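Single-letter residue listing:
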Amino acid sequence: MARQPPPPSVHAAILLFLLSLSGAIKIPMDPSIQNELSQPPTITKQSVKDHIVDPRDNILIECEAKGNPAPSFHWTRNSRFFNIAKDPRVSMRRKSGTLVIDFRSGGRPEEYEGEYQCFARNKFGTALSNRIRLQVSKSPLWPKENLDPVVVQEGAPLTLQCNPPPGLPSPVIFWMSSSMEPITQDKRVSQGHNGDLYFSNVMLQDMQTDYSCNARFHFTHTIQQKNAFTLKVLTNNPYNDSSLRNHPDMYSARGVAERTPSFMYPQGTASSQMVLRGTDLLLECIASGVPTPDIAWYKKGGDLPSDKAKFENFNKALRITNVSEEDSGEYFCLASNKMGSIRHTISVRVKAAPYWLDEPKNLILAPGEDGRLVCRANGNPKPTVQWMVNGEPLQSAPPNPNREVAGDTIIFRDTQISSRAVYQCNTSNEHGYLLANAFVSVLDVPPRMLSPRNQLIRVILYNRTRLDCPFFGSPIPTLRWFKNGQGSNLDGGNYHVYENGSLEIKMIRKEDQGIYTCVATNILGKAENQVRLEVKDPTRIYRMPEDQVAKRGTTVQLECRVKHDPSLKLMVSWLKDDEPLYIGNRMKKEDDSLTIFGVAERDQGSYTCVASTELDQDLAKAYLTVLADQATPTNRLAALPKGRPDRPRDLELTDLAERSVRLTWIPGDDNNSPITDYVVQFEEDQFQPGVWHDHSKFPGSVNSAILQLSPYVNYQFRVIAINEVGSSHPSLPSERYRTSGAPPESNPADVKGEGTRKNNMEITWTPMNATSAFGPNLRYIVKWRRRETRETWNNATVWGSRYVVGQTPVYVPYEIRVQAENDFGKGPEPDTVIGYSGEDYPRAAPTDVKIRVLNSTAISLQWNRVYPDTVQGQLREYRAYYWRESSLLKNLWVSQKRQQASFPGDRPRGVVSRLFPYSNYKLEMVVVNGRGDGPRSETKEFTTPEGVPSAPRRFRVRQPNLETINLEWDHPEHPNGILIGYTLKYVAFNGTKLGKQIVENFSPNQTKFTMQRADPVSRYRFTLSARTQVGSGEAVTEESPAPPNEATPTAAPPTLPPTTVSVTGVVSSTDATATAATTEATTVPTIPSVAPTTMATTTVATTTTTAATTMERPPTTTSETKMPESGPRAEEEEAQVPKS
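Residues numbered from 1 in each chain as written. Predicted model: local features only at pLDDT ≥ 70, side-chain atom pairs only at ≥ 80, totals over all residues. Heavy atoms only, no water.

(A) The arrangement of the overall build of the chain in detail. Counting its regular elements, the chain contains eight helices and 89 strands. In the chain, buried positions account for 47% of the 1140 residues. Look at the contacts in the chain between residues 6 or more apart in sequence, and 67% of them connect residues 24 or more apart. If you sum the accessible surface of the chain, you get close to 56,800 Å²; carbon and sulfur atoms cover 50% of it. (Helix = DSSP H or I, 4+ residues; strand = E, 2+ residues; numbered from the N terminus. Buried < 20%, exposed > 50% of the residue type's maximum accessible area, 1.4 Å probe, protein only. Contact = heavy atoms within 4.5 Å. Areas by Shrake-Rupley, 256 points an atom, 1.4 Å probe, with all protein chains shown as cover.)

Below, the structure is given as structure tokens:
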């Protein structure tokens, strides 16, 4: 069962402070934090770059910004300061930079046209809006003109020019008669994109109306009509017989000479067109001719992009939406009729205004941290990049030794509070510009918790759960978890701490119940929060309802007995056939059963008992079969033995169609158990001959079904019958039926591109099966090219399921397409998948590795990340290799085995923990990609301070007689410093009664102690720990043996298998022999409670028991370790350290 989620209030506050490329701090959305922290201005709303306004309305130029403190605003117009106070018509909205220009008291809007830019400023910097070009909408009138009738010969081409007045924005053009009737358009008569009306050939009926060009203007919502054209058509046949319009040879019937096509628009045989990336490309070809020509479109050297191309205006226009560089090339239109054809070639060049590859993002750092702003854009031609700070060119800004500009990147090192500013990146070419603001904010904030305090989390035993502890601080705090206010940091084993601070417990046990404390620490302080975890027993149905067969009219009881945690509210409900059961007057639901009185046939079905609490649920299902009355013949059959059905027979295929067939069969004997289902299977003889696949399933009441089929499969069918006993043997196969072929309707799935070597890319996919091949000779057209380039597609035809591209650059992205094809044609246009060529080993090592000792077992690491182009692959992690060079204690041998700590992702810091105190260490760092490690950094050395010792080893308690107790122990395996002594605490106990605790301190060389018993009846509990200057270490606890009079006498106990007493203890790797010995020593026989027969027997039993209770077992450890020291800065969770 899934873990019980935390309350919604916890989820609402979860902070994922993932590190970006520049290692920035992310500000949580908590309003209390947002309002407290200082923040440079950020533009949140602005008008569009080309701002066209209605001259009848007041002008509004929007500019909104946020920041702390709230920013102030000013404007420039045509690059000069715009003094709002001097113009009574202009005002600025309160707490906003939005300009309002009011014309209620008069004035001309045209006087305010120009280029405006908004500046939002507070004491930490200045943010800029785009340059907003303000234009006033225009809807000029048609010029006055007198139009003479247009005289044209029937069958000749004609163009009626519109020439609308230039409006802003351009008007919408449409043609109507002077009586406002729409002009009917078809492939002979149609309006071009320029607004002109084209007649491929004029017919006599064209002079039945006049033709007026109309312009609709957007802002004024007005329509202006041009004076109408009238046509005078000269003809050899003056009779306009409407019956000739549908004549198969209308033109010959009217005496119109047939002509080969010629182009009316564009002129000539070739032209060129430039289009911007991301816009729509509209190509147009309008041709004259008799009969009216048909237009077809083609692209030289490739196909039209089917997913983006559509035909308009009766195929005279081709529109390609969202143009990209791959759409450049030569297109041609072909105009043809029965007299001939003509073509026009259009050369399309795709240019691009700047578009973002990496838009600069706000950068929030702690004092002393490094970061970077990246401004990468592409375009055609290649755009230039200009950096500004607070609205001024960076070149004229005061010098900043912590700032370095490297082309499209600004690198910040050792940032301080004074480094706060807003940076602008302006990238432009001849087709446009992009302007982005990104602020650099330096924060120093003590840790604080973001979730409610002292939450209660209830979970079910043996489940996985996660305790959330959202927090914030700058520098990013180190988070540690502790249980019940003591012990060491929880991480590893059954615990896992995530980067966002959440603690996952992989399998909840009873002993995991308690109070968990999360502590966030940075150099400015610490904050903590607590979560109380309660472990609940699972809900289990221990007596489940059983399948029953009942006679109609009888009473049935379905049991459902449940065991659950008594602190949780239990609810038991029932389902029938997986739907909620309505409890009618014939049913009675109790806590542990469901009773049905007077069972009817409609009661037959499955019944599910659902036992649920607010944390979990359990289900149990049973099936109720209802039999007819005893007097009916079917009841006699019910007494007969049931068996699996016989196989169906005499399969027959009828109604043979291109994509379906009807299969009919004769059922076999049901052997006294009704047939409930039939399963139809098929086999094909091309891809997997002899292998049967399920096709479909039908109810047991049918013996004929229509089967839907795939193209080009040589089918053979068989049928299997199913009843409650089981399945029949398959029927004999039907005759074969092959469907006709077709092009594939799908493409292979799971297309991937991955490098297996540094100079290749292996393209793989899941091959299609027989029912998706749709035709013979199935093959795959593999296309690839480098991403974001104008390269043409490379292609290869493959019959397998992989293709290797050779001689590739190291780790570059490729666009990949795999299309299915058979002898009937190609499949649909495939999706584009991004793959990568092979990786090579990284070329650079992390630099400027800094080590800060946090406490005796942990260090904080910080390093400069490598540049992305040196990774030569996907950056998996930064890795620290470290080893213990020596101990500061003389003559103590240490293992110099190398260990590693991993820091996944592109991060600049981490924490290495679980180090040995009082030791000399060396450390190197590498960057790791999918190929392996890069070169190693410079070796760094560091020393861990003294810590608390581990537990004393082999703590033994012996009782040679009733007056004395002897204690012995060995020195700790890991002193972790200079031992200054041992502390022994012991207390007498008798049942639940405890005596006064006594404390003894010993010198570091003493390993024995003899205690004179003051009380011969009580037992003693001893707790021993070693000490260094830092404090006491882990304690080990033992108890004195039970006195002889606690043994249970018995007479001749039977021989029983021994019971092993399990004692939890801390046993080092060097104590393997001692562990084996003590395990054997703690194996004692289980003696049943039998009354003694003689006193002599009792004496013998007592002697035996006394010998058996001499205890030498592994000690049980309790933790008295101090809380680990919190380091001054450790911004991430501890690294994932593999065990040695």
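(B) Molecular detail of the sheet that holds strand β43 (residues 495–497). The strand order across the open sheet built from three strands is β40-β44-β43, with neighbouring strands paired in antiparallel fashion. The sheet terminates laterally at β40 (465–467) and β43, the two strands that pair on one side only. Each strand axis lies, on average, 25 degrees off the axis of its neighbour in the sheet, ignoring direction. Two strands pair when backbone bridges link them, and β43 and strand β44 (residues 503–505) are joined in this way by three bridges, in the antiparallel orientation. Each bridged residue has a counterpart across the sheet, and for histidine 496 the counterpart in β44 is glutamate 504. (Pairing = 2+ DSSP bridges. Axes fitted to C-alpha atoms, helices over the stretch in contact; angles between N-to-C directions.)

(C) Inspection of the state of the cysteines at higher detail. Tallied over the full model, the rule gives six disulfides. Residue pairing for cysteine 63: its cysteine sulfur links by disulfide to cysteine 118, the two sulfurs lying 2.0 Å apart. Disulfide cysteine 63-cysteine 118: the torsion about the S-S bond is -70 degrees, which places it as left-handed. Of this pair, cysteine 63 sits in strand β4 (residues 63–68) while cysteine 118 sits in strand β9 (residues 114–122), placing them 55 residues apart in sequence. Residue pairing for cysteine 285: its cysteine sulfur links by disulfide to cysteine 333, the two sulfurs lying 1.9 Å apart. For the disulfide bridge between cysteine 285 and cysteine 333, the dihedral angle about the S-S bond is near -70 degrees, and by the sign convention the bridge is left-handed. Here the residue cysteine 285 occupies a position in the loop between β22 (281–284) and β23 (286–290), and cysteine 333 occupies one in strand β27 (residues 329–337), the gap between them amounting to 48 residues. As far as the burial class goes, cysteine 285 and cysteine 333 line up, both buried. (Disulfide = S-S within 2.5 Å.)

(D) Looking closely at the side chain of arginine 879. Examined against the element boundaries, arginine 879 turns out to sit in strand β74 (residues 875–887). A polar contact is formed between the side chain of arginine 879 and the side chain of tyrosine 881, at a distance of 3.0 Å. Engagement of the side chain of arginine 879 in a polar contact is seen with the side chain of aspartate 933, the distance being 3.3 Å. (Polar contact = N/O pair within 3.5 Å; in protein donor to acceptor, adjacent residues only side chain to side chain.)

(E) View of the pairing of strand β56 (residues 617–627). Where strand β48 (residues 548–551) and β56 come together, four bridges link them in parallel fashion. Opposite lysine 551, over in β56, you have leucine 627 as the bridge partner. Note that strand β55 (residues 605–612) and β56 share eight bridges and pair antiparallel. Its bridge partner being in β56, cysteine 609 is matched across the sheet by alanine 620.

(F) Inspection of the pattern of salt bridges at higher detail. For the coordinates displayed, the defined rule picks out 57 salt bridges. The residue arginine 785 makes a salt bridge to glutamate 326 at a minimum N-O spacing of 2.2 Å. Separated by 459 residues along the polypeptide, arginine 785 in strand β66 (residues 779–786) and glutamate 326 in the loop between β26 (317–320) and β27 bring together distant segments of the chain. You can call arginine 785 buried: its relative accessible area is 5%. We note a salt bridge from aspartate 970 to arginine 956, for which the minimum N-O separation is 3.6 Å. Residue aspartate 970 is found in strand β80 (residues 964–970), and its partner arginine 956 is found in strand β79 (residues 953–958); the two are separated by 14 residues along the sequence. With relative accessibility at 21%, the residue aspartate 970 sits in the partly exposed group. Via salt bridges that share partners, Glu326, Arg785, Glu815 and Arg817 belong to a single interconnected network. (Salt bridge = Lys/Arg side-chain N within 4 Å of Asp/Glu carboxyl O.)

(G) Just the packing of aromatic side chains, in detail. One pass over the full model with this rule turns up 23 aromatic pairs. Summarising the aromatic geometry, the rings of phenylalanine 199 and tyrosine 211 are spaced 5.5 Å apart at their centres and angled 85 degrees between planes, so their arrangement reads as edge-to-face. Highlighted residues: phenylalanine 199 in strand β16 (residues 197–199) and tyrosine 211 in the loop between β16 and β17 (212–217), separated in sequence by twelve residues. Owing to a relative accessible area of 3%, tyrosine 211 belongs among the buried residues under this scheme. Between tyrosine 1020 and phenylalanine 1022, the ring centres sit 6.2 Å apart and the planes meet at 25 degrees, which makes this aromatic pair stacked. (Phe/Tyr/Trp six-rings, centres within 6.5 Å; stacked < 30°, edge-to-face > 60°.)

(H) Molecular detail of the sheet that holds strand β32 (residues 384–389). Pairing is mixed across the open sheet formed by five strands, whose spatial order is β29-β37-β36-β32-β33. Looking at strand neighbours, the two that pair on one side only are β29 (363–365) and β33 (392–393), the edges of this open sheet.

(I) View of the nonpolar core. Among the nonpolar cores identified, the biggest contains 35 residues, and Ile61, Trp75, Leu99, Tyr116 and Phe472 are the most heavily contacted of them. Counting residues in each nonpolar core, the second largest holds 22 residues, with Ile457, Val459, Ala520 and Val531 among its members. (Core = buried A, V, L, I, M, F, W, Y, C linked by side-chain atoms within 4.5 Å.)

(J) Broad picture of the environment of asparagine 961. Summarising the element assignment, asparagine 961 is placed in the loop between β79 and β80. For asparagine 961, a relative accessible area of 35% corresponds to the partly exposed category. As a C-alpha pair, asparagine 961 and proline 1016 span 55 residues in sequence and 9.8 Å in three-dimensional space. Looking at asparagine 961, its side chain comes within polar contact range of the main-chain nitrogen of glutamate 963, at 2.9 Å.

(K) Structural detail: the environment of proline 360. Relative to the helices and strands, proline 360 resides in the loop between β28 (340–358) and β29. Between the alpha carbons of proline 360 and cysteine 375 there is a distance of 5.2 Å; along the sequence they are 15 residues apart. Setting aside residues no more than four positions away along its own chain, proline 360 makes contact with Val374, Cys375, Cys425, Ala436, Asn437 and Ala438.

(L) Examining the pairing of strand β18 (residues 222–225) more closely. Of the pairings in the sheet, the one linking β17 to β18 comprises four bridges and is antiparallel in character. Note on β18: the bridge partner recorded for asparagine 214 is glutamine 225. The turn linking β17 back onto β18 is made up of four residues, and histidine 221 within it adopts a positive phi angle of 55 degrees.

(M) Looking closely at the side chain of serine 47. Residue placement: serine 47 occurs in the loop between β1 (39–46) and β2 (50–53). Here glutamate 62 takes part through its backbone nitrogen, which lies 2.7 Å from a polar atom of the side chain of serine 47. Ignoring any residue separated from it by four or fewer positions in sequence, one finds serine 47 in contact with Leu60, Ile61, Glu62 and Ile132.

(N) Representation of unusual backbone geometry within the structure. With an omega dihedral of 5 degrees, the bond running from asparagine 68 to proline 69 counts as a cis peptide bond. Summarising the element assignment, proline 69 is placed in the loop between β4 and β5 (72–77). Each neighbour pair has its own omega, and for leucine 168 with proline 169 the value is -5 degrees, a cis peptide bond. Mapped onto the elements of the fold, proline 169 is located in the loop between β13 (158–160) and β14 (172–176).

(O) Broad picture of the environment of histidine 74. As for its position among the elements, histidine 74 is in strand β5. The spatial distance from the C-alpha of histidine 74 to the C-alpha of glutamine 117 is 8.6 Å, given a sequence separation of 43 residues. If sequence neighbours within four positions are ignored, histidine 74 has contacts with Phe81, Gln117, Cys118, Phe119 and Arg121.

(P) The confidence of the model for the chain, seen in detail. The predicted model of the chain has a mean per-residue pLDDT of 84, with 87% of residues at 70 or higher. Low pLDDT, under 50, characterises residues 1047–1140; the stretch is placed with 165 contacts to residues that sit more than four places away or in other chains. (pLDDT = per-residue confidence, 0-100.)

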